[in-house]
Amino acid sequence: MMGFSRSFSIRGSGFVSLVCCLLCGCAQRMQAQSVSAHNQLEKLVDDNSANWKQVSKQIWDFAELGYHEEKSSSLLQSQLKAAGFTVESGVAGEPTGFIASYGHGKPVIALLGEFDALPGLSQQTVPERAPVTQGGSGHACGHNLLGSGAALAAVAVKQYIEANHIGGTLRYYGTPAEEGGDGKVYMVRAGLFKDVDVVLHWHPADRNEVTNGGMLAITGAKFTFHGVAAHAAMAPDRGRSALDAVMLMGTGIEYMREHVPSNTRIHYIVTKGGVAPNIVPDLAQIDLIARHPSSAMLQQIWSRLLDIAKGAALMTGTTYEVTGSSGDANIVSNDALGAIVQKNLEEVGGYSMSETERKFASDLQKTLNIDSPPSLDQTHEVEPLRRPDPNAPAASTDVGDVSWVVPTIGFTTATFVPGVAPHTWQAASSAGMSIGQDGMVVASKVLAMTTVDLLTNAQLVSDARADFAKELAGKQYHSFIPEGQTPPLDYRN
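Cut-offs and rules
Residues numbered from 1 in each chain as written. Predicted model: local features only at pLDDT ≥ 70, side-chain atom pairs only at ≥ 80, totals over all residues. Heavy atoms only, no water. Core = buried A, V, L, I, M, F, W, Y, C linked by side-chain atoms within 4.5 Å. Buried < 20%, exposed > 50% of the residue type's maximum accessible area, 1.4 Å probe, protein only. Contact = heavy atoms within 4.5 Å. Helix = DSSP H or I, 4+ residues; strand = E, 2+ residues; numbered from the N terminus. Salt bridge = Lys/Arg side-chain N within 4 Å of Asp/Glu carboxyl O. Pairing = 2+ DSSP bridges. Axes fitted to C-alpha atoms, helices over the stretch in contact; angles between N-to-C directions. Parallel < 35°, antiparallel > 145°, perpendicular 65-115°, else oblique. Left-handed = near helix turned anticlockwise from the far one by under 90°. Nonpolar A, V, L, I, M, F, W, Y, C, P; charged D, E, K, R; others polar.

**Q** Sorry, what's going on with the nonpolar core here?
**A** Considering soluble globular proteins, one finds that nonpolar side chains tend to be buried as a cluster. In terms of nonpolar packing, the biggest core is built from 72 residues, with W52, L76, L80 and W202 touching the most fellow members. If we ignore the near neighbours within four places in the chain, the residues touching L76 are W52, V55, I59, F98, F115, G147, S148, A151 and Y172. In this structure, F225, V260, I266 and L288 belong to the second largest nonpolar core, which totals 25 residues.

**Q** What should I look at first to understand unusual backbone geometry in this one?
**A** When glycine is set aside, most residues are seen to have a negative phi, and most peptide bonds are trans. The omega angle of the peptide bond from K106 to P107 is -5°, so this bond is cis rather than trans. Residue placement: P107 occurs in the loop between strand 2 (98–104) and strand 3 (108–113). Of note, the phi angle at H165 is positive, near 55°, even though the residue is not glycine. Residue placement: H165 occurs in the loop between helix 3 (143–164) and strand 4 (168–174). The phi dihedral of H423 falls on the positive side, at around 65°, and the residue is not glycine. You can see H423 is positioned in the loop between strand 11 (408–414) and helix 10 (425–431). By relative accessible area, H423 is classed as partly exposed at 39%.

**Q** Would you take a moment to explain the pattern of salt bridges for this structure?
**A** Pairing is possible between side chains that carry opposite charge, provided their charged atoms lie close to one another. This model, assessed by the stated rule, comprises 22 salt bridges. In this structure, K445 engages D46 in a salt bridge whose closest nitrogen and oxygen atoms are separated by 3.0 Å. You can see K445 sitting in helix 11 (residues 434–456) and its partner D46 sitting in helix 1 (residues 2–62), a full 399 residues away along the chain. Judged by its relative accessible area of 14%, K445 is buried. Overall, the relative accessible area of 38% leaves D46 in the partly exposed class. Between E162 and K158 there is a salt bridge, with its nearest N and O atoms 3.1 Å apart. With E162 and K158 both in helix 3 and 4 residues apart, the pair spans about one turn of that helix.

**Q** Which parts of the structure should I look at to understand the sheet that holds strand 11?
**A** Think of a sheet as strands paired side by side through backbone hydrogen bonds, with each pair either parallel or antiparallel. With respect to topology, 7 strands assemble into an open sheet ordered 1-2-4-3-5-11-6, the strand pairing being mixed. The open sheet has two free edges, formed respectively by strand 1 (86–89) and strand 6 (209–211), since each of these has just one partner strand. Strand-to-strand twist across the sheet, computed as the mean angle between neighbouring axes with direction ignored, equals 25°. Here strand 5 (residues 198–205) pairs with strand 11 via 7 bridges, running parallel.

**Q** Got a minute to help me understand the packing of helix 3 against helix 11 in this structure?
**A** Between two packed helices, what matters for the description is the angle formed by their axes and the separation of those axes. At a closest axis distance of 8 Å, the pairing of helix 3 and helix 11 adopts a crossing angle of 40°. One finds that helix 3 runs oblique with respect to helix 11. The element helix 3 and its partner helix 11 pack so that their crossing is right-handed. Contact residues: helix 3 offers L145, S148, G149, A150, L152, A153, V157, Y160 and I161, while helix 11 offers G436, Q437, M440, S444, L447, A448, T451, V452 and L455. Here the contact of helix 3 with helix 11 is composed, by residue class, of 12 nonpolar, 6 polar and no charged.

Take a look at the structure:
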């Protein structure tokens, strides 16, 4: 018995060692294959980049507003068709929305592309304020880069799939009107993501960083009050001022600010306030937006804001209506996907500016009124992976709604001069020149590498879905947009 045990122990030890060696060798081979795949993908992105840099510049020139990105959408669709993708246009009731597909079977990996501009931020590619068209629109959030960069990644992955006979489905979602039009929400509502396994997205910024959640849920609407007009001096008692209702609603909001979570954001403008000071206004309007890191908390805050509107109408003897409802959910984190993207972002490692770019960037930083602007070397540094601080300043995006129905991860790359914030003329200037395009290529490489990782390693997809289920345990998706509402194609009007 002792001899048998001893013999077994020796053989068992040898067997275990053999298995360990085999496993170790397998892991090394997989790592080597991954490195080889990533090298191929980086080269494919570089080989295709000149064309897509030009595409990004054309879309920057178009500078089309949400749901009216006809030229931008058409250009992206024609380019992807020419690259071998099958394109479905006008999806989800959105004339400029589309889906480009290649391959078949599982997994289905989707890349998100945006291409809408912002009103009033037209800007030349110079380091001082100089609109291309006075009062015109401009790509001050870099969506010309976002859509083109995701498409560049898609083309590189498609070429890699062909060359290496990889299975699975690759999709590019052309998503219009991210800037306040909630384009992706209507795509979610139309069921366009129901068979997708993982969604990848990126966004222009001034740094290279994985954004694992952190965006604010947002909702908003126009509150239009209706009163009774009257002569403001001869018969004010006969009037019921809609403007009084708007002002009382604003006052109620200001008193409410003390009694909501400190990371709540509420902002509004008065869009209509009457026609003449000697006429009691019979129509006035307030355009209101509220945000919070949690969709569930934002629902409670919005309910209270609705009560304030009701109270303002009661106090003034007016009536009101709520129109133009909009809203996006917060982004659901996914740690499994975050780790993959972080690894690939570090592998690519950003880029370094040329001397010409550094001169442009230094001049542009002088317009920021920052005592200590960030180093220009920030473009080749990668921020450490971390969960976002819920109390830190943040924006909102309709990617949030996508993340509630499919595992989703995003990241930023340094396409803006370090220190530049989005929605500024400085961002529009950066997005139209080589600094923005250099950062776009970094994003394309990370997207391409991560897509192929997911297409060739089923465990990564499984881990992402497990983390997705864990994050959503006990939670329920809620859309702030009323059921049955169609895409507001003229919301900018």
